[in-house]
Amino acid sequence: MRSLLRRFIPSGAVGERTVKSGLWMTGINVSNRILLMLMVVVLAGLLGPTEFGLMGLALLTVTAMNQFTELGLDASLIQREEEDVDAFLDTVWTIKLIRGIVLFALAYVAAPHLAAFFNEPRATDVFRVIALSPLLVGLRNPRIVYLQKNLEFHKQFVYDVSGTLFHVGVALALGFIFGTVWALVFGTLTGNVVRTFVSYLIDRRLPRLVIERARAIEMIRYGRWITGSGIFMFFFANGDDAFLGWFLGATALGFYQLAYQLARTPSSEVTKVISSVMFPAYSKLQGNLRALRQTYFTVLKLTAVISMPMAVGIIVVAGPFVHAFLGDEWIPAIPALQILALWGLMLSIGATSGPLLKAIGRPDYITKVNVLKTVALAVLIYPLTDAYGLVGTAAAVVLAGALTSEPLINYIVIREIKGSFTQFFVTVGTPLTASLVMGAAVVATESMLPASGTALGFAALVVTGVVVYAACMAAVEVTFDYGMRSLVRDIAAKIT
């Protein structure tokens, strides 16, 4: 067993380490997704939309503080070509710790005002307690940056999944005992505490409370574009939540956030793998344009093959899933879930671009594109939400991305790597076509099932989708040689 595990430990050349790291990161995301999905499904029945909405408002506040003060320190270290960045770590830790303390203090003072803004008096205490999260994150061992920089994702697996296990365990236990929003709050905090503890088990060298001005300026100079991108990404990714919580209240926000979490399954799973693994991998290839181009299209192909059927599948089985696992009180979330699945699909494809642009030292492109996307959302969200409620908010998000950032960011990357737009459209269009055929087959199957809204009926729809999609892709591979066989052989060779 040990010898088998050693085979999967990232080692060797960049390509081999990248593939093995991708497998570990996939393991992290699959494990986390299963655990968190279990938590969401169980607690949705125990707590209800309003409690989920209160937690959504609290997390919105923490996310805002994090994004507005994100300095891009870790990204600056991962992007550096030299392997040893020890000289920067004490400064990184000190800055993050100070940042965490300041954010907690600001949130504590601002909590009652934020609760009044959203007209949710109960949110005050929730805001104050959840604001401990940035402080806990700031205390983590800065040496965990090496887990990504050196593609040591077998250690990242332990670090991430251990926190998720405790997060879910505590949330479920408190959910059954109390049945309130505090189950979600203390579950989140417990996960953060555990990850901080594990970070020092992975590497027991302790950081020092030191700020070296020159090194801090050097990191922040690179990270300023990460900061700018994070701010505008917050307005786009969370502006809809803030607006909805203010405009329609916590219950509507609970419906919307559940839909958003489920709809982003393709992007959250695929994006985490790509961002975590490909950013350091691209950084090591930044001087080799041909290798960058080849790697980009390989990653794009793998991303499209995985994310396309997931997104289409979410659209066609959203209704049966909600009826089977969440209950009738969550039915208002279904239309928003189906529309947001399109956004999840676009995000997963666009996720292949961000890490590459950061790796070649052009994070400014990401920031500029996010500005356009945010402006588009600001223009669309009020009239569409006012007219169509949750569905209008979801449509505003999808339209804002489809009209600005997603086509533009892909165009920029293809231009930067001197790639082929024809190759891009063939790479993406092939699995999209197979996914649409799959979706039609699932819809036809649902119409013939007398109990599609049960767990058994839902499982039958999923199996139908998997079989049809696999058959379509196999037919394409045999007829047109899409390239999946060679990709699979290459991955297998790097593992073995």
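Because the structure is predicted, anything quoted here is derived from the model rather than measured.

### Looking at the overall build of the protein chain
Then, number 1: Along the backbone of the protein chain there are 21 helices and zero strands.
Then, number 2: Among the 496 residues that make up the protein chain, the fraction classed as buried is 55%.
Then, number 3: The long-range fraction of contacts in the protein chain, counting pairs at least 24 apart against all pairs at least 6 apart in sequence, stands at 82%.
Then, number 4: Summed over all atoms, the accessible surface of the protein chain reaches about 21,200 Å², with 68% contributed by carbon and sulfur.

### Notes on the packing of aromatic side chains
Then, number 1: Within this structure, the stated rule accounts for 16 aromatic pairs.
Then, number 2: When the ring of Tyr 411 is compared with that of Phe 421, the centres are 5.6 Å apart and the planes differ by 15°; the resulting orientation is stacked. One end of the pair, Tyr 411, is in helix α18 (residues 390–416); the other, Phe 421, is in helix α19 (residues 421–448), and ten residues separate them in sequence.
Then, number 3: Residue classification places Tyr 411 among the partly exposed residues on the basis of a relative accessible area of 39%.
Then, number 4: Since its relative accessible area comes to 37%, Phe 421 is described here as partly exposed.

### Topic: the pattern of salt bridges
Then, number 1: Going through the model one piece at a time under the given rule, you end up with eight salt bridges.
Then, number 2: Across the pair Asp 160 and Arg 195 runs a salt bridge whose closest N-O atoms are separated by 3.8 Å. Taken together, the residues Asp 160 in helix α9 (residues 153–177) and Arg 195 in helix α10 (residues 182–202) connect sequence positions 35 residues apart. The burial state of Asp 160 is the same as that of Arg 195; both residues are buried.
Then, number 3: Through salt bridges with shared partners, one network takes in Asp 86, Arg 143, Asp 203 and Arg 205.

### A closer look at a nonpolar patch on the surface
Then, number 1: A grouping of Leu 372, Leu 408, Tyr 411, Phe 421 and Phe 425 is seen on the molecular surface, where their side chains present a nonpolar patch of about 480 Å² in accessible area.
Then, number 2: Mapped onto the nonpolar patch, the elements with two or more residues apiece are α18 and α19.
Then, number 3: Along the chain, Leu 408 falls in helix α18.

### So, helix α5 (residues 86–117)
Then, number 1: Across its 32 residues, α5 extends 44 Å between first and last C-alpha, which sits within 8% of the 46 Å expected from 1.5 Å per residue.
Then, number 2: In α5, a bend of some 50° at Ala 110 exceeds every other bend along the element, and Pro 112, a proline, comes one to four places later.
Then, number 3: Once α5 finishes, Asn 119 follows within two positions and takes phi at roughly 60°, a positive value.

### Observations concerning the packing of helix α14 (residues 289–326) against α19
Then, number 1: It is at 9 Å that the axes of α14 and α19 come closest, and there the two elements cross at 20°. Looking at the two axes, α14 sits roughly parallel to α19. The two elements α14 and α19 cross, and the hand of that crossing is right-handed.
Then, number 2: Residues of the contact of α14 with α19, tallied by class, amount to 18 nonpolar, five polar and two charged.

### Some remarks on helix α12 (residues 250–263)
Then, number 1: Here α12 spans 19 Å end to end across 14 residues, near enough to the 20 Å set by a 1.5 Å rise per residue.
Then, number 2: Within α12, twelve of the 14 residues are buried, which leaves it mostly tucked inside the rest of the structure.
Then, number 3: Within α12, the full set of buried residues consists of Ala 250, Ala 252, Leu 253, Gly 254, Phe 255, Tyr 256, Gln 257, Leu 258, Ala 259, Tyr 260, Leu 262 and Ala 263.

### Remarks on the environment of Arg 362
Then, number 1: Structurally, Arg 362 is set in the loop between α16 (354–359) and α17 (363–388).
Then, number 2: Given the relative accessible area of 28%, Arg 362 is considered partly exposed.
Then, number 3: Between the C-alpha atoms of Arg 362 and Glu 416, which are 54 residues apart in sequence, the distance is 9.9 Å.

### Details of the layout of surface pockets
Then, number 1: Here the second largest pocket defines a volume of roughly 620 Å³.
Then, number 2: Met 310, Gly 313, Ile 314, Val 317 and Val 462 are, among the 21 residues lining the second largest pocket, the residues nearest its centre.
Then, number 3: Of all the elements in the fold, those that place two or more residues in the lining of the second largest pocket are α14, α19 and α20 (455–480).
Then, number 4: In terms of residues, the lining of the second largest pocket owes the most to one element, α14, which gives nine residues.
Then, number 5: Its residues placed into classes, the lining of the second largest pocket shows 18 nonpolar, three polar and no charged.

Definitions and cut-offs
Residues numbered from 1 in each chain as written. Predicted model: local features only at pLDDT ≥ 70, side-chain atom pairs only at ≥ 80, totals over all residues. Heavy atoms only, no water. Helix = DSSP H or I, 4+ residues; strand = E, 2+ residues; numbered from the N terminus. Buried < 20%, exposed > 50% of the residue type's maximum accessible area, 1.4 Å probe, protein only. Contact = heavy atoms within 4.5 Å. Areas by Shrake-Rupley, 256 points an atom, 1.4 Å probe, with all protein chains shown as cover. Phe/Tyr/Trp six-rings, centres within 6.5 Å; stacked < 30°, edge-to-face > 60°. Salt bridge = Lys/Arg side-chain N within 4 Å of Asp/Glu carboxyl O. Patch = residues over 30% accessible without salt bridge, like charges linked within 9 Å, V, L, I, M, F, W, Y side chains within 5 Å. Expected span 1.5 Å × (residues − 1). Bend = angle between axes of the 7 residues up to and from the residue. Axes fitted to C-alpha atoms, helices over the stretch in contact; angles between N-to-C directions. Parallel < 35°, antiparallel > 145°, perpendicular 65-115°, else oblique. Left-handed = near helix turned anticlockwise from the far one by under 90°. Nonpolar A, V, L, I, M, F, W, Y, C, P; charged D, E, K, R; others polar. 1 Å grid on protein atoms, 1.4 Å probe; cavity = no way out; pocket = protein on both sides within 12 Å on 5 of 7 lines; lining within 4 Å. Points joined across faces, edges and corners; volume = space filled by probe spheres on them.

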